[in-house]
Amino acid sequence: MRKALAVLSTLALLTAGLAGCTETLRSPDSGGPSARVALLLPERKASRYEAGDQPYFAQKLSELCPGCTVDYRNAEQGADTQLQQAKDALDQGAKVLVLAPVDSVAAGRIVTEAKNRGVPVISYDRLVLKTQVDYYISFDNAKVGALQAAALLTALGPKATQGEILWINGSPTDNNATLFKQGAYAGLDGKVRIAAESDTAEWNPDNAKAWTASILPTLRGRTIVGVYAANDGTAGAAIAAMKAAGLPQVPVTGQDAETAALQRILVGDQYMTVYKAIRAEAEAAATLANDLLRGNHPPASTTVDNGAAQIPSILLDPVTVTRDTIATTVVKDGFVTASALCAGAYAEACRTAGIA
């Protein structure tokens, strides 16, 4: 309920400036029927961007501005690629950039390019650092790490002091990964011992799997009781490497509520994930982009320091998901369908978890 209220209040805040507004958009240059909005997403390794962010954003913007065009591009983890995509979008007339940066610092070049052309930039999901953007829309990412830490401690119970954990972070070029780590460290510091820790270049699960497989032989004779994994991709990679090494099942964290991760949770391979209401995030970004096309700059609920300025920000609330809460969170919200989740070998596990 708290999450739902937070989402509703956020969307109400963004749309308040448009309430009762019946005029049509004035012209292409000021956000008229042929206005273009560039949606620049960072990668495809996490399924959320293609399956969630892009279609939700496009659908909402189409509702608000039926004649607008979403110029969608995915950089596939290339910072230079993303810069070129941004330049191309601007050359083709984009009037707003919605940017989830591959590299939080390097993306400043994109913002500068847009500002030189008088185009506003929304930093989406990931915060651009050291260059001023117009708005930032994301989740409370330090809280994501805190939720992961709390869940891991719950799963470990007394085993937290009886062994060590593996610690797998996200990409060092993504500011969100830094925030996840900060939140997790705050919750786990002094309560667990870390056997080994690694950042995961480009959030690539193959990199996480290779690191886990390489580090396990160096830890023979030591008891691994859990894994802190920053997202579902790295969680799945660690689980696969540990299974290949013949190690027993241990609690593993995650994030993004990917279908494969939810299925691992159902059968006990992964303990938890963090659900972020991507639809609410994408729709809030589309609503704000529509405002900017109209020349409106609605107030934000908070600000975040990105090293250049206090950025007007909207931070949505993440939610812990375990086997006991899959039905009442991601399934209830329609984030994943029961038919997709419970297919084949997972049917019995779904019935046990109360998922019809």
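Heads up: the structure comes first, above all this text.
A brief look at the structure comes next. What you see is a predicted model; the values in this text were computed from it and never measured. (Residues numbered from 1 in each chain as written. Predicted model: local features only at pLDDT ≥ 70, side-chain atom pairs only at ≥ 80, totals over all residues. Heavy atoms only, no water.)

1. What to know about helix H10 (residues 278–293)
For H10, with 16 residues, the first-to-last C-alpha span of 22 Å sits near the 22 Å given by 1.5 Å per residue. Taking burial as the measure, the 16 residues of H10 include 15 buried ones, the bulk of the element. Looking one or two residues past H10, Gly 295 carries a phi angle of roughly 85°, positive in sign. (Helix = DSSP H or I, 4+ residues; strand = E, 2+ residues; numbered from the N terminus. Expected span 1.5 Å × (residues − 1). Buried < 20%, exposed > 50% of the residue type's maximum accessible area, 1.4 Å probe, protein only.)

2. Focus: the sheet that holds strand S7 (residues 194–198)
The parallel open sheet is built from three strands, whose spatial order is S7-S6-S8. Since the sheet does not close on itself, it has two edges, and those belong to S7 and strand S8 (224–229), each with one partner. Taken over all neighbouring pairs, the strand axes of this sheet differ in orientation by 15° on average, direction set aside. Relative to S7, strand S6 (residues 164–168) is paired through four bridges, and the arrangement is parallel. Within the sheet, the bridge partner assigned to Leu 166 lies in S7 and is Ala 196. Most of the contacts of helix H6 (residues 175–188) go to S6, to which it runs at about 165°, and overall it touches S6, S7 and S8. On top of the sheet, helix H7 (residues 205–215) reaches S6 and S7; it is set at about 150° to S6, its chief contact. (Pairing = 2+ DSSP bridges. Axes fitted to C-alpha atoms, helices over the stretch in contact; angles between N-to-C directions. Contact = heavy atoms within 4.5 Å.)

3. What about empty space enclosed by the protein?
With the rule as written, the count across this model stands at three cavities of 30 Å³ or more. Each pocket or cavity is described by its volume, and for the largest cavity that value is around 110 Å³. Lining the largest cavity we find 14 residues, and of these Tyr 49, Arg 126, Trp 203, Asp 256 and Lys 276 sit closest to its centre. Broken down by secondary-structure element, the contributors of at least two residues to the lining of the largest cavity are helix H2 (48–64) and H6. Of the residues assigned to the lining of the largest cavity, the class counts are four nonpolar, three polar and seven charged. Put simply, the second largest cavity is a space of about 50 Å³. Lining the second largest cavity are Ala 79, Gln 82, Leu 83, Val 102, Asp 103, Ala 106, Ala 107, Arg 109 and Ile 110. When residues in the lining of the second largest cavity are grouped by element, the largest group, three residues, is from helix H3 (residues 79–91). Residues of the lining of the second largest cavity, tallied by class, amount to six nonpolar, one polar and two charged. (1 Å grid on protein atoms, 1.4 Å probe; cavity = no way out; pocket = protein on both sides within 12 Å on 5 of 7 lines; lining within 4 Å. Points joined across faces, edges and corners; volume = space filled by probe spheres on them. Nonpolar A, V, L, I, M, F, W, Y, C, P; charged D, E, K, R; others polar.)

4. Considerations on the pattern of salt bridges
Scanning the entire structure with this criterion turns up 21 salt bridges. Ionic pairing is found between Asp 53 and Arg 48, a salt bridge with its closest N-O pair at 2.6 Å. The closest approach of N and O atoms between Asp 80 and Arg 109, which form a salt bridge, is 3.2 Å. With Asp 80 in helix H3 and Arg 109 in helix H4 (residues 108–116), the pair connects residues that are 29 residues apart, well separated along the chain. Among the ionic contacts, a cluster of salt bridges with common partners joins Arg 48, Asp 53, Asp 125 and Glu 281. (Salt bridge = Lys/Arg side-chain N within 4 Å of Asp/Glu carboxyl O.)

5. A short note on the pairing of strand S3 (residues 94–99)
Taking burial as the measure, the six residues of S3 include five buried ones, the bulk of the element. Pairing between strand S1 (residues 36–41) and S3: five bridges, direction parallel. Its bridge partner being in S3, Leu 39 is matched across the sheet by Val 98. Inspection of the sheet shows S3 paired to strand S4 (residues 121–124) by three bridges, in the parallel sense. Paired with Leu 97 across the bridge in S4 is Val 121. Note that the unit made of S3, H4 and S4 has a crossover that is right-handed. (Right-handed = clockwise from strand over helix to strand, strands pointing away.)

6. Observations concerning the sheet that holds S4
Here we have seven strands laid out as an open sheet, ordered S2-S1-S3-S4-S5-S11-S10, and mixed in their pairing. Two strands lie at the open edges of the sheet, namely strand S2 (69–74) and strand S10 (302–305), each paired on one side alone. Strand-to-strand, the axes of this sheet are offset by a mean angle of 30°, without reference to chain direction. Its contacts with the sheet place H2 against S1, S2, S3 and S4, and it is angled at close to 165° to S1. The strands touched by H4 are S3 and S4; relative to S3, the strand with the most contacts, the crossing angle is about 160°.

7. As for the state of the cysteines
In this structure the tally under the stated criterion is two disulfides. Shown here is the disulfide that connects Cys 65 with Cys 68, its sulfur atoms set 1.9 Å apart. Since a negative S-S torsion denotes a left-handed disulfide, the Cys 65-Cys 68 link at about 65° is right-handed. With a relative accessible area of 3%, Cys 65 lands in the buried category. Judged by relative accessible area, Cys 68 falls into the buried class, the value being 13%. There is a disulfide in this structure between Cys 342 and Cys 350, and the S-S distance comes to 2.0 Å. Since a negative S-S torsion denotes a left-handed disulfide, the Cys 342-Cys 350 link at about -90° is left-handed. (Disulfide = S-S within 2.5 Å.)

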